[in-house]
Amino acid sequence: VLLIGTWVSKQDSIAWFFLPIFHVSAIALPVLLFIFLSLAQLKIGSHQRIWGLFASGMILAPLIIIVAEGISLLLFGLIVVVFLQTQPGTLASIMDLLEQLQNQNGQLDELNHLVSSITAQPWFIIPVIGFGAVIVPLIEECLKPFGMWFLKKHSLTSQAGFAAGVLCGSGYALFESLALTLGGDGWAMVVMARIGTAAVHILTSAITGWALVQAWQKRKYARLLGAYAFGVILHGIWNGLAIVSVFGS
């Protein structure tokens with residue numbers, strides 16, 4: 001799929017029609033593979049439960065996460081602005097760069113140079129990494145298994161909790177990868193990177209799902225806190241490395 005999709009992406013006459021087919025396939029097949037590997041020989045419940053959990057991860061959780069991250073981004077941005085107000089030298093340099101940016105009149109090389117100089121500044125890099133590698137994982141690892149709360153009154157086993165987390169994480173991974181990737185140059189590399197991201201989402205959500213059942217059935221709240229912390233740290237490291245690689249390029 002990746003090889004043929006790469007070839008198709010370079011054929012302008014057919015890419016508009018065929019590339020979306022290969023794109024969806026390249027995103028969905030690894031997610032399905034992770035599901036089958038993770039749930040092999042586990043008792044996971046009825047088909048209604050399976051599809052309900054998967055749909056909650058793909059539709060319900062993303063809607064809640066988008067709202068939560070939007071509000072958090074607004075608040076985080078306000079904090080950054082207030083902080084910059086206390087740094088007159090940094091604020092003056094920002095205004096100077098923005099003024100230069102407005103006066104370039106479309107000169108591409110100069111625009112690229114100015115944008116690069118802005119994105120290389122600590123006042124830009126640190127907030128981006130802080131939001132992407134800390135705030136985003138805190139929100140997503142909390143809300144990805146949201147659909148499991150509809151099963152709280154059911155007598156779930158630890159296996160069922162793990163499986164439920166896998167399904168919630170898989171749905172969210174599929175949604176995010178389809179929403180954040182497009183065709184064009186480097187299509188195959190981007191899709192391959194999303195395979196790793198999907199694995200992280202599924203793993204952390206599965207462990208959280210197991211820990212949720214442990215907390216509900218056995219009052220093991222420390223395990224839930226530990227599972228959540230593990231998910232946030234792993235997710236944060238993954239996001240941080242991705243952000244750093246973007247800045248590096």
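Residues numbered from 1 in each chain as written. Predicted model: local features only at pLDDT ≥ 70, side-chain atom pairs only at ≥ 80, totals over all residues. Heavy atoms only, no water.

**Student:** Explain the environment of I44 to me, please; I cannot follow it from the model alone.
**Tutor:** As for its placement among the helices and strands, I44 is situated in the loop between α2 (12–39) and α3 (47–85). The exposure class assigned to I44 is buried, which follows from its relative accessible area of 18%. With 116 residues separating them along the chain, I44 and A160 place their C-alpha atoms 5.1 Å apart. When sequence neighbours within four positions are dropped, the list of residues in contact with I44 reads L39, R49, I50 and A163. (Helix = DSSP H or I, 4+ residues; strand = E, 2+ residues; numbered from the N terminus. Buried < 20%, exposed > 50% of the residue type's maximum accessible area, 1.4 Å probe, protein only. Contact = heavy atoms within 4.5 Å.)

**Student:** Could you clarify how one ought to interpret the confidence of the model for the protein in this entry?
**Tutor:** The predicted model of the protein has a mean per-residue pLDDT of 89, with 95% of residues at 70 or higher. In the model of the protein, helix α5 (residues 108–119) stands out as the element of lowest mean pLDDT, 69, in contrast to helix α7 (residues 158–180), which has the highest, 95. (pLDDT = per-residue confidence, 0-100.)

**Student:** When you look at the pattern of salt bridges in this model, what are you seeing that I'm missing?
**Tutor:** Close approach of charged atoms allows side chains of opposite charge to pair. Evaluation of the coordinates by the stated rule reveals 2 salt bridges. Notably, a salt bridge pairs R194 with E176, separated by 2.6 Å at the nearest N-O pair. With R194 in helix α8 (residues 187–218) and E176 in helix α7, this pair connects stretches of sequence that are 18 residues apart. (Salt bridge = Lys/Arg side-chain N within 4 Å of Asp/Glu carboxyl O.)

**Student:** Can you walk me through a nonpolar patch on the surface in this structure?
**Tutor:** A cluster of nonpolar residues, V67, I71, L74, L75 and L78, forms a patch on the protein surface that exposes about 500 Å² of accessible area. Position of I71 among the secondary structure elements: in helix α3. Judged by relative accessible area, which is 49%, I71 ranks as partly exposed. (Patch = residues over 30% accessible without salt bridge, like charges linked within 9 Å, V, L, I, M, F, W, Y side chains within 5 Å. Areas by Shrake-Rupley, 256 points an atom, 1.4 Å probe, with all protein chains shown as cover.)

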